Amino acid sequence: MFDVNTLLVGIGFNPEIVAILLGPLLTTGLAAVDLPHWSATKRRVLVIVAAAVLSVLVWVFGAYPAAWQYFIAVWGVILASAQTSFTILKKLGFVDWVGRVTPGGEPNVDTSSD
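K.L.:
Could you clarify how one ought to interpret helix H5 (residues 94-101) in this entry?
P.N.:
In an α-helix there are 3.6 residues to a turn, and that puts residues three or four apart on one side. Inspection of H5 places Val-95, Val-98 and Gly-99 among the buried residues, and these make up the whole buried set. Seen end-on, H5 carries its buried residues on one side only, within an arc spanning 100°. Against helix H2 (15-33) and helix H4 (68-92) lie the buried residues of H5.

K.L.:
Sorry if this is basic, but what is going on with H4 here?
P.N.:
With 25 residues, H4 extends 36 Å from end C-alpha to end C-alpha; this agrees with the ideal 36 Å at 1.5 Å per step. Restricting attention to buried positions, one finds in H4 the residues Tyr-70, Phe-71, Val-74, Ile-78, Ser-81, Ala-82, Ser-85 and Leu-89. Looking at the buried positions of H4, the neighbouring elements they touch are H2, helix H3 (40-61) and H5. At the exit of H4 stands Gly-93, carrying a positive phi of roughly 85°.

Definitions and limits used
Residues numbered from 1 in each chain as written. Predicted model: local features only at pLDDT ≥ 70, side-chain atom pairs only at ≥ 80, totals over all residues. Heavy atoms only, no water. Buried < 20%, exposed > 50% of the residue type's maximum accessible area, 1.4 Å probe, protein only. Helix = DSSP H or I, 4+ residues; strand = E, 2+ residues; numbered from the N terminus. Arc of directions from axis to C-beta. Contact = heavy atoms within 4.5 Å. Expected span 1.5 Å × (residues − 1).

Structure (structure tokens):
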């Protein structure tokens, strides 16, 4: 019988769970380094490249079948998790808050003087 746990004998973590958890971390990290003058295309490319780098790290540090299909699956999970967490965190105002409190983000405009 096929058992996924026999494949994941490397460091002792489940790469799929790690990939899901990396999504919100990726969203928060990119919100922290985002600059107001960046275009939407530049932000999208940055997310795709960062997710690919994280996928390689998950792939390298986990025990996995050495197949490109596995890498693509982890990459897709990280991208989906990042997109979902961005949607939720943006609606909660967390992404905007991170952008305001980190250097280089959007300026903190005082609206109380109106």
